[in-house]
Amino acid sequence: MTAHENLPAVRPRENAPVVSRLPEDFPAERIALVDLLDRVLAGGVVVTGDITLSIADVDLVKVSLRALLASVSALSAAESGSDP
Amino acid sequence: MTERGCWVYGVTDRDPGQELSGLSGVAGGAVRAAPAGGLTALVSDVDLDEFGADALARNLEDLDWLERVARAHHHVIETASRVLPVLPLGLTTVYASEPSMSAAFAERRRDFRDALAVVRDRAEWGVKIYARPERAEPERSEPERSEPEHGSGTGSGAGLAYLKRRRSQLNAAQESRRDAAGAVRALHSALAGHAVRTRIHPPQSPSLSGASAPMLLNAAYLLDQADEAGFQAAVLAASDTHPELRLEVTGPWPPYSFAGEAVHGAGEAEDERR
């Protein structure tokens, strides 16, 4: 998982896409929270443990987080059987 | 004395040896390798006061708490992924004890091995595509602060002209959205040609991402290392062809978006015989 050094780091031109590579010493704080939540909330292996609590199980009725997080809304949709 | 639980970051089929020594994870806990039903789990201890079921239900609703925990979780997986094949687990997998974790993982050993085979030596790349704002919604840079709607009830003729103008703007916007949707579909399939697997995430909420332009695609691609250069070239080419779109690429990521899928799909893969 470390052979990324040879790839060109692409700097965005005016009309160019932003291609951001995450270098090995990239500070974790700089990764956009929203990109991270897409992955750690809606991704990763789900194993049922004794205390395991997926965010989809949380009753977020009174909370704005569900509305805020697309991945959470999608999870709940998937749980209730409809296609995301 | 508070009770302790076992937070799991990911699973590997290698022995990390001393590679992860000094690594700290969620709530500052020291990360260690724990035997997990024939595989190795990366775990750390957490206080059940903060990470037990009741506390989690409460804390997961706190965006600051969630951010801290998500970043710590990611930091461990990201660091471990540099030296080991790691199947990342999602938030939040907590066990009362290491033995109960090991027993649970033993039952899933086959799934985990299959999933590890899918993600090994591969990384996830994210591509987000936005409509360029000037195309989607002309003028009006501060949508929150529009002119006062009431209190100036004059001039119905001006109002009508405004409505007409607005309607034709909306029609144009609708048309350009249709064009953009077609372009995005074509781009996605072009990029998918470089990937082993793909996954479409729902568009991100602007209130979290801070982006004002509409997000048209939020996709993840699982790439062999050898295909990364071609993938990036395809992204650059796509963006030259479609000046009306803004592409944003992130990566490499640990294969979060494909770990769960790999496990769930493992049964079917077995049916096709290995």
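See above for the structure.
Residues numbered from 1 in each chain as written. Chains lettered and ligands numbered in written order. Predicted model: local features only at pLDDT ≥ 70, side-chain atom pairs only at ≥ 80, totals over all residues.

1. What about the packing of helix H1 (residues 33-42) of chain A against helix H3 (residues 63-81) of chain B?
Test applied: As a rule, the C-alpha atoms of each element are fitted with a line to give its axis, helices using only the stretch in contact, and angles between N-to-C directions run from 0 to 180 degrees. Elements are defined by DSSP. Helices are runs of H or I of four residues or more, strands are runs of E of two residues or more, and each kind is numbered from the N terminus. Geometric relationships in this document are graded by angle, where less than 35 degrees denotes roughly parallel, more than 145 denotes roughly antiparallel, 65 to 115 denotes roughly perpendicular, and other angles denote oblique. By definition, residue pairs are in contact when their C-beta atoms, positioned from the backbone, come within 7 Å. Residue polarity is assigned by list, with Asp, Glu, Lys and Arg as charged and Ala, Val, Leu, Ile, Met, Phe, Trp, Tyr, Cys and Pro as nonpolar; anything else, Gly included, falls into the polar class.
Following both chains from N to C, one finds H1 of chain A and H3 of chain B inclined at 70°, their axes separated by 10 Å at the closest point. In terms of orientation, H1 of chain A and H3 of chain B fall into the roughly perpendicular class. Residues Leu33, Leu36, Leu37 and Val40 of chain A of H1 of chain A pack against Glu67, Ala70, Arg71, His73 and His74 of chain B of H3 of chain B. Of the residues belonging to the contact of H1 of chain A with H3 of chain B, the class tally is five nonpolar, two polar and two charged.

2. Quick look at the environment of Pro85 of chain B
Residues and elements named next belong to chain B. Rules: Note on burial: count the other C-beta atoms lying within 10 Å of the residue's C-beta; 20 or more is buried, 12 or fewer is exposed, in between is partly exposed, and C-beta positions come from the backbone.
Within the secondary structure, Pro85 sits in the loop between H3 and strand E4 (87-88). Owing to 19 C-beta atoms within 10 Å, Pro85 belongs among the partly exposed residues under this scheme. When the C-alpha atoms of Pro85 and Gly5 are compared, they prove to be 25 Å apart, with 80 residues separating the residues in sequence. If we ignore the near neighbours within four places in the chain, the residues touching Pro85 are Thr12, Asp13, Arg14, Leu116, Val119 and Arg120.

3. Examining the nonpolar core
Residues and elements named next belong to chain B. Test applied: For the purposes of this analysis, a nonpolar core is taken to be any set of buried Ala, Val, Leu, Ile, Met, Phe, Trp, Tyr and Cys residues that are connected through C-beta atoms within 7 Å.
One finds Val8, Ala41, Leu87, Val127 and Tyr221 to be the most contacted residues of the largest nonpolar core, which totals 75 residues. No other element matches strand E8 (residues 215-224), which puts eight residues into this core. Residues in contact with Tyr221, not counting those within four places in the same chain, are Glu124, Trp125, Val127, Leu191, Ala192, Ala195, Thr198 and Phe231.

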